[in-house]
Amino acid sequence: MKKIFLFAMLCLVISVHAQHRPLNLIPEPAHVAVQSGHFVLKTGMFITCPDTADLGLAKLLASQLKSIGTGGLETAVASEKKGKIKLLRGLLPGAAGHAEGYQLIVNPKEIQILAAQPAGWFYGMQTLLQILQANYKNGQKQLIFGQEIPCLTITDYPRFQWRGLMIDVSRNFFTRDVIERYIDQMAKYKMNTLHLHLTDNQGWRVEIKALPKLTGVGAWRVPRTGYWRGQKAPEPGEKATLGGYYTAEDIKHMVAYAARRFVDIVPEIDVPGHSLALIASYPELSCTKTVQQVLAGDPWNASRTNVLCVGNDSVYVVLDQIIGEMAGMFPSKYIHIGGDEVSRAYWDKCESCQKRIRDEHLKSSEELQSYFIKRVAKIVLSKGKIPMGWYEKLPGGLPVEMALMSWKDDKGGIASSNKGHKVVMTPAAFTYLDFYQGDPFMENAIFSVNRLSTTYQFDPLPAGIDQKNVLGGQGSLWTEQVPNERKLQFMTWPRAFSLSQTLWSAAPKPSFPDFVKRIEAHLPRLDRDTVNYSRYFYDAIVSGLRAADKTLQVKLAAELEDLKIYYSFDDTDPDQYYPMYKGMPLDIPKGAQNLRVVTYRDGKVMGRILKIPVTELERRTP
Ligand code: ACM
Ligand code: ZN
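For clarity, every value in this text was computed on a predicted model and none was experimentally measured. (Residues numbered from 1 in each chain as written. Chains lettered and ligands numbered in written order. Predicted model: local features only at pLDDT ≥ 70, side-chain atom pairs only at ≥ 80, totals over all residues. Heavy atoms only, no water.)

> Looking at this structure, I do not really get the confidence of the model for the protein. What am I missing?
When pLDDT is low, close inspection of the predicted coordinates is not appropriate. Within the protein, residue pLDDT values average 94, and 95% of them lie at 70 or more. Across the protein, the element-wise mean pLDDT spans from 43 in helix α1 (residues 2–18) up to 99 in strand β9 (residues 193–197). Every residue in residues 1–19 scores below 50 in pLDDT, and together they form six contacts with partners more than four places removed in sequence or on other chains. (pLDDT = per-residue confidence, 0-100. Helix = DSSP H or I, 4+ residues; strand = E, 2+ residues; numbered from the N terminus. Contact = heavy atoms within 4.5 Å.)

Shown next, in the form of structure tokens:
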């Protein structure tokens, strides 16, 4: 009987739901029940909160509403005014224990956002903003006042506490304003951690008052533009003018901006490798002590090292100063110390490093690397912070207090979680946002491909992992090939929608085609907010294959099954009246120099025309 009743209720909810425009929420909330009826938002209504301390958040909601066209809402403390949008404090029915959870209730009289903590109000607000934007018609820039919000109850909370994005601000520098706009956007999708990779061979980006050369020297390189690798080395006397850094004042501003949106900024200095900017500033800290310049993409050679001298005690004094100042600037409980990709060759030739190995009874330079990480992790702990690092497999191990990022693949995360480390999953093949989103032939060379559909398959809980030690995951955006804000946005969206869904949503995961339908509802909002994004997920996927007699053939595919693919071999641009690809491998006609392909949906061109030389197809086909 109870079952029949529940089934009847479910049918009712589904049938009522069907009458409304789809909500297209990203990420999908844990529980959504749409009811009949609606609330009408009108100018002059009050957003109320329990205390004056919460007014800032209420005002943020009013300004976010204004930014989508629903201006004219007032804010007040609940004891003083009767609210129509009410921020209410309380434990969530069915979601107690979720610090960031919320319940959003829309009834004909009012909107309530119930949360145990302000973060929950913020996330409830973001959901409400998305529901209001579901009312936008195609191309319509302003929400018309008086439009209806369906009555509903949403109970929602995150699947993971670490829902991160990383920006490498060393390879290319991005100003405080760019970072704040980025934070604004990520927070709308309930992402809550921004990891800043602040130092690398190409620049030092954080002011350390005790060590002025870090930014006086280390933040600047000779200007070069275009493809990052193989650039002309600095000419004699050439000025290093490209770069920049965050002052302590900038950091304070960014951290406060982020905190208002419940985003934690986790700072990283990458040591002992990836340290050329530090070494360019203080050459005495490398094994060779040679004077060097910050890398501008010029070819590396064996006379140079980007690794700190582990045998030199001054290195630890300097790191203590740096980490001490950073602990004061960044409220995050974590400080990331890098630790990846250390070239140990110079340690093998360095007297101080070899002495350290003997004095500490170490067996190898790999154990020396563990020694260094353990010592620097202790410095971080001494400043009241939790050390974090990139996972590297080392025989001497890593200190168990250290949280680790699994980046090459899942294996580091699986192994470390089982040894008691907290882990953040950012396996390159699924979450690296520097990788190509479309055909590699059409973009500047970078390491690999990571399409939207691949990102959507990211699983932060692979088999064998100790789930209780998984903090969450992140998308990591390395910026060798990201010279400006538009490209930064382009590499992030829409792949970050996938990450948001995976890392927040505790609901069953929609199919990829369903999820793309949601994404398509959000792209006009990015347009309106002048946020750039990639449409390469509409492109054809071109691969070569070998027939039994080894002749080259072509296979075409698309990330979305509802796309039709048209092609040509005669060096003209195909459209929907050209031959359509039917799934069978194509022979390459005699004399053809280029394949061109394009995709359509419902008679409308969707992807780019890809022009791929036959020589390139030969190259990519073993
Ligand atoms: C990394 O990609 N080297 C962490
Ligand atoms: Zn050394």
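> Just to check I follow, could you spell out the packing of helix α4 (residues 176–188) against helix α6 (residues 248–260) for this structure?
The axes of two packed helices give the description: the angle between them and the distance between them. It is the contact of α4 with α6, at a shortest axis distance of 10 Å, that shows an interaxial angle of 10°. By the angle class used here, α4 and α6 are roughly parallel. Here Arg176, Ile179, Glu180, Ile183 and Asp184 of α4 lie close against α6, whose contacting residues are Glu249, Asp250, His253, Met254, Tyr257 and Ala258. Taken together, the residues that form the contact of α4 with α6 break down as five nonpolar, one polar and five charged. (Axes fitted to C-alpha atoms, helices over the stretch in contact; angles between N-to-C directions. Parallel < 35°, antiparallel > 145°, perpendicular 65-115°, else oblique. Nonpolar A, V, L, I, M, F, W, Y, C, P; charged D, E, K, R; others polar.)

> When you look at the pairing of strand β5 (residues 102–106) in this model, what are you seeing that I'm missing?
In regular strands, side chains alternate between the two faces of the sheet. In terms of burial, β5 is a largely internal element, four of the five residues being buried. Bridging between β5 and strand β7 (residues 148–156) involves five bridges; their strand directions are antiparallel. The residue of β7 that forms the bridge with Val106 is Leu152. With four bridges joining them, β5 and strand β6 (residues 111–115) adopt antiparallel strand pairing. Across the sheet, Gln103 pairs through a bridge with Leu114, a residue of β6. Taking the residues that link successive antiparallel strands as the turn, the β5-β6 hairpin has four residues. (Buried < 20%, exposed > 50% of the residue type's maximum accessible area, 1.4 Å probe, protein only. Pairing = 2+ DSSP bridges.)

> Please clarify how α6 should be interpreted in this entry.
Each α-helix winds once per 3.6 residues, and so residues spaced three or four apart point in a common direction. For α6, with 13 residues, the first-to-last C-alpha span of 19 Å sits near the 18 Å given by 1.5 Å per residue. Turning to α6, its buried residues number three or more, namely Asp250, Ile251, Met254, Val255, Tyr257 and Ala258. For α6, the arc enclosing every buried residue in end-on projection is 165°, short of the 170-degree limit, so these residues lie on one face. Along α6, exposed side chains directed more than 90 degrees from the buried face belong to Glu249 and Lys252. In this fold, the buried residues of α6 make contact with α4, β9, β14 (264–271) and α8 (313–329). Following α6 by one or two positions, Phe262 adopts a phi angle in the positive range, close to 60°. (Expected span 1.5 Å × (residues − 1). Arc of directions from axis to C-beta.)

> What is the right way to look at the environment of Met405 in this model?
Looking at the secondary structure, you find Met405 in strand β17 (residues 403–406). Remark: the alpha-carbon pair of Met405 and Glu392, spanning 13 residues in sequence, is separated by 9.3 Å. Among all residues touching Met405, those that are not within four sequence positions of it are Trp162, His195, His336, Met388, Gly389, Trp390, Tyr391, Val424, Thr426 and Gln474.

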